Amino acid sequence: MRIRTETVEDYRQVYDLNVVAFGNREDESRLVERIRKSEGFIPELSIVAIQGEGESEAVIGHVLLSKASVIDGDTEHPVIVLAPVAVHPHAQGQGVGKALIKEALRRCRELDYGLVLLIGHPGYYPKLGFKSARPYGLELKQFEVPNDVFMVHEIIEGRLATVKGELRYPAAFLE
Ligand SMILES: CC(C)(COP(=O)(O)OP(=O)(O)OC[C@H]1O[C@@H](n2cnc3c(N)ncnc32)[C@H](O)[C@@H]1OP(=O)(O)O)[C@@H](O)C(=O)NCCC(=O)NCCS
C-alpha cells in the first residue's frame, strides 16, 4: 500500500470508493466534488491510499481535509476540517485509515495549520489524537451533534489556547 496526493486521474475511483465505503450512498462522493471546486480545497490534503502498480493501480482509501474558520467576534481563525475519510470495505481494519490520517496531519503541520476539527465517530478518532472540542471553547452551531463527536486535534502546540469561537463549515458542506 502506498500513500500519495490525489490526482485528477483518481477522481472517478475516489467517487466510487466513497459510494461503496458509505453503504452505497453518493452523499460523501458529492461532498468531495463540491469541496474540490471550492476555495477551501487544498490539493495536498486530498490523499489516496493505493494498491497495485501501473494499470492495476487501485484506490483503496481516501481522506480529504480542507479550509474552514473559527469565528471569534471580529476575528477569523483559519483551521482545517477533516471530511470525509473512506477505506474500501475489503481493506478496512488493516490500518489504511490510520495511515491516511497520520499523513494528512503531518502535512497540516508542514503547512502551518495548527488545528484540525471534525465531526466523527468517538470510538475511532481519539486513537489518532483527537479530543472533544467544546471543553476548549470551540463551538459548533451549524450541526446539532453530541459533545463527543465534535473533535479537535492540536497539531501545533499552543494553538488550542489561542483559538476560541464557533467553527463554521464552508458552503460546500451545507448543501
Ligand atoms: C472509518 C474508516 C475510515 C476507518 O478506516 P480503517 O482503515 O478501517 O481503520 P484502521 O484500520 O486504520 O483503524 C484504526 C483503528 O481504529 C479502529 N477502528 C476502525 N474502525 C472503527 C470504527 N468504526 N469504530 C471504532 N474503531 C474503529 C481499529 O480497530 C484500529 O484500532 P487500533 O489502532 O487500536 O488497532 C473505515 O472503516 C471506513 O471507510 N468506514 C466507512 C466510512 C466511514 O464511516 N467514514 C468515517 C466517517 S466519520
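Residues numbered from 1 in each chain as written. Predicted model: local features only at pLDDT ≥ 70, side-chain atom pairs only at ≥ 80, totals over all residues. Heavy atoms only, no water.

Draft legend 1. Expanded view of unusual backbone geometry. Of note, the amide linkage connecting A83 to P84 takes the cis form, showing an omega dihedral of -10°. Among the structural elements, P84 can be located in strand β4 (residues 75-87). A positive phi is found at N24, a non-glycine position, where the angle reads about 65°. You can see N24 is positioned in the loop between α1 (11-21) and α2 (27-37). (Helix = DSSP H or I, 4+ residues; strand = E, 2+ residues; numbered from the N terminus.)

Draft legend 2. Quick peek at the environment of V149. Within the element layout of this structure, V149 appears in the loop between β7 (138-140) and β8 (150-154). A residue is classified by how much of its surface remains accessible, and V149, at 15% relative accessible area, is buried. A C-alpha to C-alpha distance of 5.3 Å links V149 and I119, two positions 30 residues apart in sequence. Residues contacting V149, with those up to four places away along its chain left out, are L118, I119, G120 and P122. (Buried < 20%, exposed > 50% of the residue type's maximum accessible area, 1.4 Å probe, protein only. Contact = heavy atoms within 4.5 Å.)

Draft legend 3. The packing of aromatic side chains, seen in detail. The tally for this structure, following the rule as stated, stands at four aromatic pairs. Taken together, a centroid distance of 5.1 Å and an interplanar angle of 80° make the contact between Y124 and Y125 edge-to-face. Residue class for Y124 comes out partly exposed when judged on its relative accessible area of 31%. Both rings, one in Y125 and one in F130, keep their centres 5.7 Å apart while their planes meet at 80°; by these two values the pair is edge-to-face. Grouping residues by exposure puts Y125 and F130 together as buried. Here the aromatic cluster, defined as three or more aromatic residues joined through ring pairs, consists of Y124, Y125 and F130. Positioned above the aromatic ring of Y11, the side-chain terminus of R36 is 3.5 Å from the ring centre. (Phe/Tyr/Trp six-rings, centres within 6.5 Å; stacked < 30°, edge-to-face > 60°. Lys NZ or Arg CZ within 6 Å of the ring centre and 35° of its normal.)

Draft legend 4. Expanded view of the side chain of E103. For E103, the position within the fold is in helix α3 (residues 96-110). Under the relative-accessibility criterion, E103 is labelled buried at 17%. One polar contact links E103 to R107, side chain to side chain, over a distance of 2.8 Å. Residue contacts for E103: discarding those within four places in its chain leaves I3 and I47. (Polar contact = N/O pair within 3.5 Å; in protein donor to acceptor, adjacent residues only side chain to side chain.)

Just distances and angles here, no functional claims.
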